[in-house]
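Coordinates in review
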2 protein chains.
Amino acid sequence: MNINGKAMRTIWVKPDGFPVEIIDQTALPHALKTVALKTCDDAAYAIQAMLVRGAPLIGVTAAYGVALAMREDASDSSLDEAITLLAAQRPTAVNLRWALDQMRGALAGIPNEERPRAAFKFAAKLATDDVEMCRKIGAHGLEIIKKIAASKPGQPVNILTHCNAGWLACIDWGTATAPIYQAHNAGIPVHVFVDETRPRNQGASLTAFELAQAGVPHTLICDNAGGHYMQSGVVDLVITGTDRVAANGDVANKIGTYLKALAAFDNDVPFYVALPSSTIDWTMPSGKDIPIEERSADEVLHVAGRLANGQVASVAIAPPGTKAGNPAFDMTPARLVTGLITERGICNATPDGLLTLYPEHRSGGSAVA
Amino acid sequence: MNINGKAMRTIWVKPDGFPVEIIDQTALPHALKTVALKTCDDAAYAIQAMLVRGAPLIGVTAAYGVALAMREDASDSSLDEAITLLAAQRPTAVNLRWALDQMRGALAGIPNEERPRAAFKFAAKLATDDVEMCRKIGAHGLEIIKKIAASKPGQPVNILTHCNAGWLACIDWGTATAPIYQAHNAGIPVHVFVDETRPRNQGASLTAFELAQAGVPHTLICDNAGGHYMQSGVVDLVITGTDRVAANGDVANKIGTYLKALAAFDNDVPFYVALPSSTIDWTMPSGKDIPIEERSADEVLHVAGRLANGQVASVAIAPPGTKAGNPAFDMTPARLVTGLITERGICNATPDGLLTLYPEHRSGGSAVA
């Protein structure tokens, strides 16, 4: 997607093969900064400090982290160490673990001297695959938007989204935003209600930014407001991303998603979750067991933004000494989810729904690739 | 209640009868400022700019606004003008209209020369009555907390509240907080989950402030987090205030209340709303007709707080040019409300529940005072 008219991705390798570069998403929307990742530690830090975030992008960054580790020491113990380090940075997103498993598999049996090249190549393949998966998610989700558009000719389709499951959370296109961008590109009028998504305000800082860059009409709203807009009948559709889907269709996503799912259900607004299949945790029978990351209280107690003079600063919103709780994700029960939009199509958020699209995961079932 | 150990109310008249003074709540929690209201325009501005907020306090401030108008010109036309001006400042809170009706009634038939004294006296009576109503709300709500406390000996009762329905929203005690303060005073261990309450952060700036001043343990959380905490089983009870209750028990309150009510219902957490009867709009058959105030987009686009150097500043959180929507209230359907805690006791959020406590409002029924 474009930033200031120039096509960009969220992570790339410099033309001569080193270093890896990323957009520092903590600086957006106030500044566009790129950061070089030269070591596995750099990649781990970028994930932990959320210079990169979003389940698919975390996965690809971790893959490049392994490649950077291989570049310095291609031994098995270095590989193990890198994977252990990277996996520990964020506990909720399953793509992180998935991408590391993929890297381990790809490097198994490859002689040490060939590992650095193979690792970079495979990380690049994960990135390319993610772009293609997001494109397909967009194509499937587009059908939902088309149907709604047909029911209200000349009127925009109003879509509410939470957090940033946009191209900035992936490599390109995004998950929740892919259908929106494809509808916009197809000339279907869309308008997006963007939840600001406290505490880190990824909606206000990232989703509003990328929608503006793409020319998609949108309105920023407080996380508190979505229920009211749904009651008022002005939301046609909710699409969010997810950090992990359990085998029963329960969805872990950014804190507050569950509240929007409840409101959508209460007002008969379709609630879809968009994801590449790498986000499905087939080993997790239900969402109740998904670990929920507790992040620093400082994220709740402070808000960052631009001062009147353009400088970026952080302000404390509560009395000194206030304690804060900061669970980063919540779990939306499958019963509240209208459907899951994946790269293979749309399915019910049920074990059967998922297994119909991904029959290779039927226990004892036939393997289909 | 106390601020820095000194007993204060939210609005008072100087000992020699003029001017009226208020705490400027837009400066909290960073500074304790008092502001003098010398004219009806001052009172109208204080309401509009939210130097005072909270349905009961808005009502009493408007009453003093009428008194200040009478001090300058005690004619009928001045009274009409003052009431029209003050009523227009906030559309959702019904106490505002109620207090103005009370003032009009109290001044009807009083000779102009006696009006200023009568108006100040009656405004003071509304303030005193509000304190007594809040005390009674606290006594009734305390019974709910006592029952929960009895079921988990030695463990704190965890109460979630949204926005500020504390003493800062009233004259003293508060509505939603009155049961909490009375439980705390009675030695029952309580702990409060404080929703920060974007966009104006009244939870972070006011509720956290007044709970800290009273020594009540509390944890500030993002508005997004309450659903997760309820799913996790760590919330025993939700108590909020309200700006207007319809005759069927529907509740208009700060934007986001509806989302918490949905989560409470989904997790079998009791959801109570605390209010003085002046908040009940007997003329409004259901909440669907309650006007929802749309406030400035700037409240969404900016967040105020303390910089590292202690100065108070406002930061912009979204890209320049971002549009924002800012509905200030939402409507919680009565079906999600466990009960209404009023000065006369606790009732179901139903027409019958309300009329059992307030039989004088039965149409054609017998008048009971």
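Considering the nonpolar core
With 186 residues, the main nonpolar core has A:Val66, A:Leu86, A:Ile145, B:Val66, B:Leu86 and B:Ile145 as its most contacted residues. Considering each element in turn, this core owes the most residues, 15 residues, to helix 5 (residues 115-151) of chain A. In this structure B:Ile145 touches B:Val157, B:Ile159, B:Pro179, B:Ile180, B:Ala183, B:Ile188, B:Val190 and B:Leu237, once residues within four positions along its chain are discounted. A:Met230, A:Val235, A:Leu275 and B:Leu160 belong to the second largest nonpolar core, which has 62 residues in total.

What to know about the sheet that holds strand 11 (residues 251-254) of chain B
Backbone-to-backbone hydrogen bonds pair the strands of a sheet. The strands run either parallel or antiparallel. Residue and element names in this part refer to chain B. Spatial ordering of the open sheet is given by 13-10-11-16, a layout of four strands whose pairing is mixed. The open sheet has two free edges, formed respectively by strand 13 (280-281) and strand 16 (329-332), since each of these has just one partner strand. Pairing analysis gives two bridges linking strand 10 (residues 244-246) to strand 13, with the strands arranged parallel. Within the sheet, the bridge partner assigned to alanine 246 lies in strand 13 and is aspartate 281. Set on the sheet, helix 9 (residues 257-266) makes contact with strand 11 and strand 16; between it and strand 16 the angle comes to about 30°.

Some remarks on the domain arrangement of chain A
Many descriptions give the size of an interface as the accessible area lost when the pieces come together. Residues and elements named next belong to chain A. Annotation of chain A at the domain level lists domain 1 (2-128) and domain 2 (135-361). Here the C-alpha centre of domain 2 lies 24 Å away from the C-alpha centre of domain 1. Contact with domain 1, which involves 32 residues of that partner, is made by 33 residues of domain 2. Buried surface at the junction of domain 1 and domain 2, both sides included, amounts to about 2,800 Å², of which 57% is carbon and sulfur.

Describing the pattern of salt bridges
All names here are of chain A. With the rule as written, the count across this model stands at 34 salt bridges over all chains. In this structure, arginine 90 and glutamate 293 form a salt bridge, with 2.8 Å as the shortest nitrogen-oxygen distance. A residue pair is termed long-range when its members are at least 10 positions apart, and arginine 90 in the loop between helix 3 (76-87) and helix 4 (94-107) and glutamate 293 in the loop between strand 13 (280-281) and helix 10 (298-301) qualify at 203 residues. Neither residue differs from the other here; arginine 90 and glutamate 293 are each classed as buried. As a salt-bridge pair, glutamate 132 and arginine 135 come within 2.8 Å of each other at their nearest N and O atoms. Pair noted here: glutamate 132 and arginine 135 are both in helix 5, with a separation of three residues, about one helical turn. On the basis of relative accessible area, glutamate 132 is assigned to the partly exposed category, the value being 32%. One salt-bridge network, held together by shared partners, links Arg90, Arg200, Glu293, Arg295 and Glu299.

Quick look at the side chain of A:Glu343
Residues and elements named next belong to chain A. By secondary structure assignment, the location of glutamate 343 is in the loop between strand 17 (339-342) and strand 18 (345-347). Of the side chains with opposite charge, arginine 344 lies nearest to the buried glutamate 343, which makes no salt bridge, at 4.8 Å. A distance of 3.2 Å separates the side chain of glutamate 343 from the side chain of tyrosine 358, its partner in a polar contact. The residues touching glutamate 343, leaving out its near neighbours within four places in the chain, are Met133, Lys136, Ile137, His140, Leu275, Pro276, Ser277 and Tyr358.

Remarks on the pairing of strand 12 (residues 271-274) of chain A
All names here are of chain A. Burial of the side chains of strand 12 extends over both faces: Phe271 and Val273 are buried on one face and Tyr272 and Ala274 on the other. Pairing analysis gives three bridges linking strand 9 (residues 237-240) to strand 12, with the strands arranged parallel. For threonine 240, the partnering residue across the bridge sits in strand 12 and is valine 273. Across three bridges, the pairing between strand 12 and strand 17 is parallel. Residue pairing for strand 17: valine 273 is matched across the bridge by leucine 340.

Focus: helix 7 (residues 202-214) of chain A
Residue and element names in this part refer to chain A. Spanning 13 residues, helix 7 covers 17 Å between terminal C-alpha atoms, matching the ideal 18 Å at 1.5 Å per step. The largest bend along helix 7 reaches roughly 25° and is located at alanine 208. The element helix 7 is extensively covered by neighbouring structure, given that ten of its 13 residues are classed as buried. For helix 7, the set of buried residues is Gln202, Gly203, Ala204, Ser205, Leu206, Thr207, Ala208, Phe209, Glu210 and Leu211. Tucked inside the fold, the buried residues of helix 7 contact strand 1 (2-3), strand 6 (157-161), helix 6 (178-185), strand 7 (190-195), strand 8 (218-221) and strand 11 (251-254). In the stretch just after helix 7, glycine 215 is the one whose phi turns positive, near 75°.

Comments concerning the interface of chain A and chain B
Taken together, the contact between chain A and chain B spans 61 residues of the former and 61 residues of the latter. Summing both partners gives a buried area of about 4,600 Å² for chain A against chain B, and 60% of it is carried by carbon and sulfur. Where chain A packs against chain B, one counts four salt bridges. Residue A:Asp266 is joined to B:Arg335 by a salt bridge in which the shortest nitrogen-to-oxygen separation is 3.0 Å. For the interface between chain A and chain B, the tally reads 24 residue pairs in polar contact (both at pLDDT 80 or more). Listed by contribution, the elements that provide at least two residues to the side of chain A that touches chain B are helix 7, strand 8, helix 8 (226-231), helix 9 (257-266), helix 10, strand 14 (302-306), strand 15 (312-316) and strand 16 (329-332) of chain A. The element best represented in the side of chain A that touches chain B is helix 9 of chain A, accounting for six residues.

A short note on the sheet that holds strand 5 (residues 34-37) of chain A
Residues and elements named next belong to chain A. Ordered in space as 3-4-5, the three strands form an open sheet in which the pairing is antiparallel. Two strands close off the open sheet at either side, each with one partner strand: strand 3 (11-13) and strand 5. Adjacent strand axes in the sheet meet at a mean angle of 25° when their direction is disregarded. Strand direction decides the pairing type here: strand 3 and strand 4 (residues 20-23), joined by three bridges, are antiparallel. If you follow valine 13 over to strand 4, its bridge partner there is valine 20. Set on the sheet, helix 2 (residues 55-72) makes contact with strand 3, strand 4 and strand 5; between it and strand 3 the angle comes to about 25°.

Things to note about the relation of the copies chain A and chain B
In this structure, two copies of a chain are linked by a rotation about an axis accompanied by a shift along it. For the pair chain A and chain B, the relating rotation is 180°, the translation along its axis is 0.0 Å, and the fit reaches an RMSD of 0.0 Å. On this basis, the relationship between the two copies can be described by a two-fold rotation axis. In terms of C-alpha distance to the rotation axis, chain A has A:Leu259 as its closest residue, with the C-alpha 2.9 Å off the axis. Of the residues that chain A buries at the interface, 100% are likewise interface residues in chain B, meaning the two copies contact each other through the same surface.

Considering the packing of aromatic side chains
Under the criterion given, the structure shown has six aromatic pairs over all chains. Lying over the aromatic face of A:Phe18, A:Arg71 brings its terminal NZ or CZ to 3.4 Å of the ring centre. The lysine or arginine in question, B:Lys254, covers the ring of B:Phe329, its NZ or CZ lying 4.7 Å from the ring centre.

Concerning the pairing of strand 9 (residues 237-240) of chain B
Residues and elements named next belong to chain B. Of the two faces of strand 9, the one lined by Leu237 and Ile239 and the one lined by Val238 and Thr240 are each fully buried. Across two bridges, strand 6 (residues 157-161) lies against strand 9 in parallel orientation. Pairing of isoleucine 159 across the sheet is with leucine 237, part of strand 9.

Details of a negative patch on the surface
A contiguous patch of negative charge, built from A:Asp41, A:Glu72, A:Asp73 and A:Glu81, is present on the exposed surface. Looking at the secondary structure, you find A:Asp73 in the loop between helix 2 and helix 3.

Regarding unusual backbone geometry
The omega torsion across A:Phe18 and A:Pro19 is -10°, close enough to zero to call that bond cis. With respect to the helices, strands and loops of the structure, A:Pro19 is situated in the loop between strand 3 and strand 4. Following A:Arg198, the chain continues into A:Pro199 via a peptide bond in cis, with omega recorded as 10°. One non-glycine residue, A:Asp268, adopts positive backbone phi at about 55°. Mapped onto the elements of the fold, A:Asp268 is located in the loop between helix 9 and strand 12. Unusually for a residue other than glycine, B:Asn201 sits at a positive phi of about 60°. Its location among the elements puts B:Asn201 in the loop between strand 7 (190-195) and helix 7 (202-214).

Rules of the game
Residues numbered from 1 in each chain as written. Chains lettered and ligands numbered in written order. Predicted model: local features only at pLDDT ≥ 70, side-chain atom pairs only at ≥ 80, totals over all residues. Heavy atoms only, no water. Core = buried A, V, L, I, M, F, W, Y, C linked by side-chain atoms within 4.5 Å. Buried < 20%, exposed > 50% of the residue type's maximum accessible area, 1.4 Å probe, protein only. Helix = DSSP H or I, 4+ residues; strand = E, 2+ residues; numbered from the N terminus. Contact = heavy atoms within 4.5 Å. Pairing = 2+ DSSP bridges. Axes fitted to C-alpha atoms, helices over the stretch in contact; angles between N-to-C directions. Domains from an automatic or database assignment. Buried area = accessible area lost by both parts, 1.4 Å probe. Salt bridge = Lys/Arg side-chain N within 4 Å of Asp/Glu carboxyl O. Lys, Arg positive; Asp, Glu negative; His and termini not counted. Polar contact = N/O pair within 3.5 Å; in protein donor to acceptor, adjacent residues only side chain to side chain. Expected span 1.5 Å × (residues − 1). Bend = angle between axes of the 7 residues up to and from the residue. Least-squares fit on C-alpha atoms with pLDDT ≥ 70 in both. Phe/Tyr/Trp six-rings, centres within 6.5 Å; stacked < 30°, edge-to-face > 60°. Lys NZ or Arg CZ within 6 Å of the ring centre and 35° of its normal. Patch = residues over 30% accessible without salt bridge, like charges linked within 9 Å, V, L, I, M, F, W, Y side chains within 5 Å. Areas by Shrake-Rupley, 256 points an atom, 1.4 Å probe, with all protein chains shown as cover. Charge placed at Lys NZ, Arg CZ, Asp CG, Glu CD.

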